[in-house]
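Here's the letter readout for the chains.
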Amino acid sequence: MSFSATNFAQPRPVPVGIRSNEKSLSSDPFRFRFRGSPSFLGSPHSLRFNPTPPLKLAIPHSRRSPAAAVTDVSNGKMVKSSANMLITKEEGLELYEDMILGRFFEDMCAQMYYRGKMFGFVHLYNGQEAVSTGFIKLLKKEDTVVSTYRDHVHALSKGVPARAVMSELFGKATGCCRGQGGSMHMFSKEHNLIGGFAFIGEGIPVATGAAFSSKYRREVLKEASADHVTLAFFGDGTCNNGQFYECLNMAALWKLPIIFVVENNLWAIGMSHLRATSDPEIWKKGPAFGMAGVHVDGMDVLKVREVAKEAIERARRGDGPTLVECETYRFRGHSLADPDELRDPAEKARYAARDPISALKKYMIENKLANEQELKSIEKKIDEVLDDAVEYSDESPLPPRSQLLENVFADPKGFGIGPDGKYRCEDPKFTQGTAHV
Amino acid sequence: MATLFQGVGAVTPFSASSSLDSNKLLLPSRKSLSISDSRGSIFVYRSDALNLKAATRKQDLLIPNAVATKGETSTSAKSGHELLLFEALREGLEEEMERDPRVCVMGEDVGHYGGSYKVTKGLAEKYGDLRVLDTPIAENSFTGMGIGAAMTGLRPIVEGMNMGFLLLAFNQISNNCGMLHYTSGGQFTIPIVIRGPGGVGRQLGAEHSQRLESYFQSIPGIQMVACSTPYNAKGLMKAAIRSENPVILFEHVLLYNLKERIPDEEYVLSLEEAEMVRPGEHVTILTYSRMRYHVMQAAKTLVNKGYDPEVIDIRSLKPFDLYTIGCSVKKTHRVLIVEECMRTGGIGASLTAAITENFHDYLDAPIVCLSSQDVPTPYAGTLEEWTVVQPAQIVSAVEQLCQ
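All of these numbers come straight from a predicted model, not from anything done at the bench.

Draft legend 1. Expanded view of the domain arrangement of chain B. Residues and elements named next belong to chain B. Domain parsing of chain B yields domain 1 (81-263) and domain 2 (275-402). Averaged C-alpha coordinates put domain 1 and domain 2 at centres separated by 26 Å. At the junction of the two partners, domain 1 supplies 30 residues and domain 2 supplies 27 residues. Of the roughly 2300 Å² buried at the junction of domain 1 and domain 2 (both faces included), carbon and sulfur atoms supply 54%. For the domain 1 face of the interface with domain 2, the top three residues by lost area are Gln203, Arg211 and Gln217, together amounting to 28%. Joining domain 1 to domain 2, the criterion identifies zero salt bridges. Inspection of the region where domain 1 meets domain 2 yields 21 residue pairs in polar contact (both at pLDDT 80 or more). Elements with a minimum of two residues in the side of domain 1 that touches domain 2: helix H6 (213-216), strand E8 (223-226), helix H7 (230-242) and strand E9 (247-252).

Rendered as structure tokens:
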């Protein structure tokens, strides 16, 4: 197959994780589909009673890095000297703190929701913290993150204060979006978080645009320091959406500095990824467009971080995009309104055993990077941060009526000219929010 | 006097011979509040009113309290330069690209091909492939990409090769373009311009003859303008690019070859103002885009029959310029809306509601709205002609209204 369109280098054989311990998938493409009875492809019957093999990762030899991954150490397989550690103590503590912040925050959200402090659709990130922390902690402040409706933890990892996120969830005027966005629309100009999108897939083109801006600045505006990268986070369900493919094409075509991070948690509300996708291996779709495609264990923050480093460096160099598929899992339902009855409890238990936070904790303790007490004190600190955030949000004012019309247009002349000849935005009722527009 | 419309079925009804420049007179514009509108004023359009016969109590109503700008008198018809509408769009675009390096264009075939209607011809050679970006055929995604670029500091212009294709971008236009400034609490602005040709052409078939203004009009957070002459095309293009709001600029497939003389000096028009095409006393006719020419054609007939229609090109489809419209309604007390949009839920429907709400007391008759039939535009020339409002219908509507 020749790629004559542009000169791009064949993506170098990026280490790929294989999905099962036994054979590689290619030898038996239907392995996951049929389990005995010829029931309809992916019927829940076959999934529930003949669960597909756990999507465990074996680390192929090519992926062995000198430093040990979390799982290796905890299995007692490899112990390396601290000189070869993947992370320093400071980095480890930073990662731990970020994941704890994410986890505790989401738990607090659930609490607050059930107490009636927030409403609507709230999607929690429990279990997926390794992906957010693993990627976002490697970014500079000027780099951009684009997320989906499951965006609280992305916001926190990017640096948006817990207070701002919590009061946004409470719908208060001090929220990061003045209470106008809500759970699914977290934005922060200061921290370059451009969303928060409610429809899946619609953030990916926006992320592509941010990456385009970065390239434009470098090549057209000749800003030498413009090497900002963009991360687009989205789920497995999105990978069947047209916008995903259109953007993979454009990003690879123009070598945009973007990384597409798929948080494959196997479930799109109640739709199993395997029931919805003809080829469930999402990482493979990268090379189809001429970009590197990587699969990584998304429950292991160190592995994610390693892959992220490479992808971010590639983007910063100007060598184009990467598609990273992170195998991860959400411990809670799709949203707080989801009874989560469809998922097999055995599956949930398997992934709970791979909790990224416990794994990192174990790694750090066993490698003498930190002790129990230090980690406990981090947890305590986060507890305090969250208590403060809740208190702050409780005490913050609700948005006043005058705020209603303020941000509809950047230039409020867009409301037009009223019958009296004046621009409507000059009407005093406008600033009170009671004008008729 | 050059005809404005050569009749039904003409391929390019606006050929070189139909210059629209005759005696242009200026009326003082209302004190404009927009900063960009330094010189843009409302041009009064003088139609073939030299045939004005009856209308006894009429003076020559076309002599205004002229505030002539810069020696613009009827003898200065030679100043400025003549060009076609698509060239005017290009000129406006080029001037803005020259002025601000963040302005960029993206769309299908805008670069090497020069744009399917040649609006971007020559720009890729001048500014490079990244600034005039040829995109793959993925409207939703490249419109979203434009939005993302706008949020991160650029000022993109997204061209839909045909407005109808923007239906594929509806997700991005509605959810992101219109809403993100609000949902981000005002943190991000989206200074994007989405433009392209729409409207009923000459037997282009149903899907290429769509009018999307009615579909987009409910989206909060966007502005919509429709250009109709080379002069306002250039002015609106520049205003749209300079605006911090997302603007959708509607062009019309059949108007690209209109020729007009436009000023040499730089000018920017106001996005929110309507244009007084022909002042009158008997009836207010509100129109936009191509229907303006059908109306002016009908106006000739009406004037011959003794009527004095006031024709306003509303230009700003969202928001409506209720001041210009209101002043007119208060003067004439009768309103006729002529549009190319579909009848149901169209711009005319909204305009009717807005006028009724605000100026009900001034109306002597119900508002009449002439729109296209609620029919997918047929291919056959005769059928196509009947889906769109024709001058004869306008004449009879006015006659009925003025009884």
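Draft legend 2. Quick peek at the environment of Gln373 of chain B. With respect to the helices and strands, Gln373 of chain B occurs in the loop between strand E16 (368-372) and helix H11 (381-387). The spacing of Gln373 of chain B and Gly122 of chain B is 251 residues in sequence and 39 Å in space, taken between C-alpha atoms.

Draft legend 3. Spatial organisation of the nonpolar core. If you look at the biggest cluster of nonpolar residues, it comprises 148 residues, and the most contacted ones within it are Phe135, Phe212, Phe260 and Leu360 of chain A together with Phe216 and Ile355 of chain B. Counting residues per element, this core draws most heavily on helix H3 (residues 89-114) of chain A, at 12 residues. Sequence-distant contacts of Phe260 of chain A, defined by excluding residues within four places in its chain, comprise Ile204, Thr208, Ala232, Phe234, Cys247, Leu248, Ala251, Met291, Pro321, Thr322, Leu323 and Val324 of chain A. In terms of nonpolar packing, the next biggest core, distinct from the first, is built from 38 residues, Val103, Ala124, Val193 and Ala233 of chain B among them.

Draft legend 4. Layout of unusual backbone geometry. The omega angle of the peptide bond from Gly195 of chain A to Gly196 of chain A is 5°, so this bond is cis rather than trans. By secondary structure assignment, the location of Gly196 of chain A is in the loop between strand E3 (193-194) and helix H7 (203-219). Cis geometry marks the peptide bond from Lys318 of chain B to Pro319 of chain B; its omega dihedral reads 5°. Relative to the assigned elements, Pro319 of chain B resides in the loop between strand E14 (316-318) and helix H9 (322-332). Positive phi, close to 55°, is recorded for Asn192 of chain A, a residue that is not glycine. Looking at the element boundaries, Asn192 of chain A is found in the loop between strand E2 (187-188) and E3.

Draft legend 5. Representation of the state of the cysteines. Inspection of the entire model under this criterion finds zero disulfides over all chains. Here Cys177 of chain A is not disulfide-linked; the sulfur of Cys176 of chain A is the nearest cysteine sulfur, at 4.0 Å. The buried category is assigned to Cys177 of chain A, whose relative accessible area is 0%. With no disulfide of its own, Cys327 of chain B lies closest to Cys425 of chain A among cysteine sulfurs, the gap being 18 Å.

Draft legend 6. Representation of the packing of aromatic side chains. According to the stated counting rule, one finds 14 aromatic pairs over all chains in the structure shown. When the ring centre of Tyr113 of chain B is taken as origin, the NZ or CZ atom of Lys118 of chain B, which lies over that ring, is 4.4 Å away.

Draft legend 7. Seen up close, the sheet that holds strand E13 (residues 309-313) of chain B. Residues and elements named next belong to chain B. Spatially, five strands are ordered E11-E13-E12-E15-E16 in an open sheet, and the strand pairing comes out mixed. Looking at strand neighbours, the two that pair on one side only are strand E11 (275-278) and E16, the edges of this open sheet. This sheet shows a mean twist of 25° between the axes of neighbouring strands, independent of strand direction. Pairing of strand E12 (residues 283-287) with strand E15 (residues 335-342) involves four bridges; the strand directions are parallel. Paired with Leu286 across the bridge in E15 is Ile337. The strands touched by helix H8 (residues 291-304) are E11, E12, E13 and E15; relative to E13, the strand with the most contacts, the crossing angle is about 170°. Each of E12, E15 and E16 is contacted by helix H12 (residues 391-401), which is oriented at about 150° to E15, the strand it contacts most.

Draft legend 8. Spatial organisation of the UniProt feature "coiled-coil region" (unreviewed entry) in chain A. Residues annotated by UniProt as "coiled-coil region" (unreviewed entry) correspond here to residues 368-395 of chain A. The distance from the first to the last C-alpha atom of residues 368-395 of chain A is 42 Å, and the span holds 86% helix and 0% strand.

Draft legend 9. Highlighting the UniProt feature "domain: Dehydrogenase E1 component" (unreviewed entry) in chain A. Summarizing the sequence annotation, UniProt attributes the feature "domain: Dehydrogenase E1 component" (unreviewed entry) to residues 99-399 of chain A in the numbering used throughout. In residues 99-399 of chain A, helix accounts for 46% and strand for 12%; the two terminal C-alpha atoms are 31 Å from one another.

Draft legend 10. Looking closely at the confidence of the model for chain A. Residue and element names in this part refer to chain A. Mean pLDDT over chain A works out to 84, with 80% of the residues at or above the 70 mark. Counted against residues more than four places away or in other chains, residues 1-68, with its pLDDT under 50, gives 97 contacts. When the criterion is pLDDT under 50, residues 70-82 qualifies, and its contacts beyond four places in sequence or with other chains add up to 22 contacts.

Draft legend 11. Layout of the packing of H9 of chain B against helix H10 (residues 347-359) of chain B. Residue and element names in this part refer to chain B. It is the contact of H9 with H10, at a shortest axis distance of 11 Å, that shows an interaxial angle of 65°. Viewed along their axes, H9 and H10 form a crossing whose handedness is right-handed. Note on element contacts: H10 touches H9 through Leu351, Ala354, Ile355, Asn358 and Phe359, opposite Leu322, Ile325, Gly326, Val329 and Lys330.

Draft legend 12. Here's a closer look at the confidence of the model for chain B. Averaged over every residue, the pLDDT of chain B is 84; the share at 70 or more is 81%. As a predicted assembly, this complex carries a pTM of 0.82 together with an ipTM value of 0.82.

The rules behind each value
- Residues numbered from 1 in each chain as written.
- Chains lettered and ligands numbered in written order.
- Predicted model: local features only at pLDDT ≥ 70, side-chain atom pairs only at ≥ 80, totals over all residues.
- Heavy atoms only, no water.
- Domains from an automatic or database assignment.
- Contact = heavy atoms within 4.5 Å.
- Buried area = accessible area lost by both parts, 1.4 Å probe.
- Salt bridge = Lys/Arg side-chain N within 4 Å of Asp/Glu carboxyl O.
- Polar contact = N/O pair within 3.5 Å; in protein donor to acceptor, adjacent residues only side chain to side chain.
- Helix = DSSP H or I, 4+ residues; strand = E, 2+ residues; numbered from the N terminus.
- Core = buried A, V, L, I, M, F, W, Y, C linked by side-chain atoms within 4.5 Å.
- Buried < 20%, exposed > 50% of the residue type's maximum accessible area, 1.4 Å probe, protein only.
- Disulfide = S-S within 2.5 Å.
- Phe/Tyr/Trp six-rings, centres within 6.5 Å; stacked < 30°, edge-to-face > 60°.
- Lys NZ or Arg CZ within 6 Å of the ring centre and 35° of its normal.
- Pairing = 2+ DSSP bridges.
- Axes fitted to C-alpha atoms, helices over the stretch in contact; angles between N-to-C directions.
- UniProt positions renumbered as here; feature names shortened; annotations may be inferred.
- pLDDT = per-residue confidence, 0-100.
- Left-handed = near helix turned anticlockwise from the far one by under 90°.

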